Structure formats: structure tokens, C-alpha cells
Amino acid sequence: MLGISNFGLFLVAVLLLNATPGPDTAYIIGRSIAQGRTAGLLSALGISAGCCVHALASAIGLSAILAASATAFTFIKLAGGAYLVYLGIRMMLAKPAGPAASTARGDVRSRKTIFLQAMVTNVLNPKVILFFLAFIPQFVRSDAQQKTLAFLVLGVAFALISMAWNSGTAFLAGTLARRAGSSPRAKLWLERVVGATFVALGAKLAFTKS
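Caption draft 1: Expanded view of the nonpolar core. Within the largest apolar cluster, 22 residues are counted, with the highest numbers of intra-cluster contacts made by Phe-10, Phe-132, Phe-135, Ile-136, Leu-154 and Phe-158. The set of elements that each furnish at least two residues to this core consists of α1 (7-18), α3 (37-60), α8 (126-134) and α9 (147-179). Among the elements that take part in this core, α9 stands out by supplying seven residues, more than any other. Setting aside its immediate chain neighbours within four residues, Phe-132 contacts Cys-51, His-54, Ala-55, Ser-58, Pro-137, Gly-155 and Phe-158.

Take a look at the structure:
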């Protein structure tokens, strides 16, 4: 249907790829620790929205243009890395809060901000661009008459699987954070560890040759 081949294999591959930790997972865990499961779920939704952007870009050829242009791709790499470093430093510098003021003084962000930051984190990840460019075409037949539609269907399937996996990650991280909530100091150090991970991932993303 639609010129899509080996759809079952595609679903299994996407599930395995989502199980590999990266910037998206780090952001979801970071928000879940800082603000609980709801924030984590919003982060997962933002990541999935970013996947939809990549799917649309792949379908209309923008990903191929970015991959072919060294300047454009380098810009995306540096922008994505710098954004992750910024988020990491912000988490590492979060001020400690007492038990009664933990949600008022910590690194608390609005629901809109959480969603948008998650989406930007995903959209600015050059490895995701290359993934959609190199991976999805493997499951679209060369003689497919509706290639654009096939790309979109596979992209939406990828986003839905990502949402399911990332929601589980958010729920687990939020639950652990809630148990640690009685110790603001422990929660603060959890945020700092995730923040440091963000900085490391951002640096690796920006300076590793693709």
C-alpha cells in the first residue's frame, strides 16, 4: 500500500532506535525530573511534533537539500549543539529550593515553553535529519506512485512510536523524581547531572564529524 515495503520491519527498527539514548531522551528525563510527569509527557509530545517536521521536510526534499549543502548542515549542527549546551547550563545553574518552594523557585517552565523547547531540540538535531534522509527511503519502493504520501505515513508512524516510547520514559523518570521530591537536594543534583549530560551531548553533536 502506497508503495511502502517491509512495514513491520520498519516498526521494529523504529522501536529499537527510540530505545537508544540521545538528546531527545535527555530532555524528556530532564523535564520529568524538574517538573514531574506532566512536563515529561509534554516534552514527549514536542519531540513527536519535531519528528513530524522532519517527516514533512523529507517528503518535500528539504532534508536532502540540507544534507547536500555543507554550509547549511554545519549551521544546523552548531545551532543544535549550542541549544543543548544552553539548556544544560540552565539546568546546572538552577537554584536550590526548600521543600515548600521547590516548584516556585526551581527551573520551572510553562507548558508552552516545554513543548516548544522539546520540538526545537528535535528539529535542530542534524543526526535526525540524516536518519530521516537515509532510513525512511529504505522502506519506500522506487516505483511507488505516491512517494510523498509514503514518506508522510512512515514519518507519522515514527512519531507515534516515539510518542509511546518517550511517554513511558517520562512516566518512569517523573515517578522516580516524585519519590526523590522529599529531598530537594537530591532532586537538584539529579537536575545538574542531566544538565551536564546536555552540555556533553551538545558539544558532541556540534563537533563530531557526521
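Caption draft 2: Geometry of the packing of aromatic side chains. All told, the structure shown has two aromatic pairs when counted by the stated rule. Here the aromatic rings of Phe-10 and Phe-139 are separated by 5.2 Å at their centres, their planes lie at 70 degrees, and the arrangement is edge-to-face. Of the two residues, Phe-10 is situated in helix α1 and Phe-139 in the loop between α8 and α9; the sequence distance between them amounts to 129 residues. Residue Phe-10 shares its accessibility class with Phe-139, and that shared class is buried. Among the aromatic side chains, those forming a connected cluster through ring pairs are Phe-7, Phe-10 and Phe-139.

Caption draft 3: Spotlight on the state of the cysteines. The final tally for this structure, using the stated rule, is zero disulfides. The thiol sulfur of Cys-51 is not disulfide-bonded, and the nearest other cysteine sulfur, from Cys-52, lies at 7.0 Å.

Caption draft 4: Region of the structure containing helix α2 (residues 23-35). For α2, spanning 13 residues, the distance from its first C-alpha to its last is 18 Å, which sits close to the expected 18 Å at 1.5 Å a residue. Of all 13 residues that make up α2, 11 are buried, and the element is covered over most of its length. Among all positions in α2, only Pro-23, Asp-24, Thr-25, Ala-26, Tyr-27, Ile-28, Gly-30, Arg-31, Ser-32, Ile-33 and Ala-34 are buried. Looking at the residues trailing α2, positive phi occurs at Gly-36, about 100 degrees.

Caption draft 5: Quick peek at a nonpolar patch on the surface. Where nonpolar side chains cluster on the molecular surface, the patch consists of Ile-89, Met-92 and Leu-93 and spans about 290 Å² of accessible area. Along the chain, Leu-93 turns up in the loop between α5 (70-92) and α6 (102-105).

Caption draft 6: Focus on the environment of Leu-42. Within the secondary structure layout, Leu-42 lies in helix α3. Along the backbone, Leu-42 and Thr-113 are 71 residues apart, and their C-alpha atoms lie at a distance of 9.7 Å.

How each quantity is defined
- Residues numbered from 1 in each chain as written.
- Predicted model: local features only at pLDDT ≥ 70, side-chain atom pairs only at ≥ 80, totals over all residues.
- Heavy atoms only, no water.
- Core = buried A, V, L, I, M, F, W, Y, C linked by side-chain atoms within 4.5 Å.
- Buried < 20%, exposed > 50% of the residue type's maximum accessible area, 1.4 Å probe, protein only.
- Helix = DSSP H or I, 4+ residues; strand = E, 2+ residues; numbered from the N terminus.
- Contact = heavy atoms within 4.5 Å.
- Phe/Tyr/Trp six-rings, centres within 6.5 Å; stacked < 30°, edge-to-face > 60°.
- Disulfide = S-S within 2.5 Å.
- Expected span 1.5 Å × (residues − 1).
- Patch = residues over 30% accessible without salt bridge, like charges linked within 9 Å, V, L, I, M, F, W, Y side chains within 5 Å.
- Areas by Shrake-Rupley, 256 points an atom, 1.4 Å probe, with all protein chains shown as cover.
- Salt bridge = Lys/Arg side-chain N within 4 Å of Asp/Glu carboxyl O.

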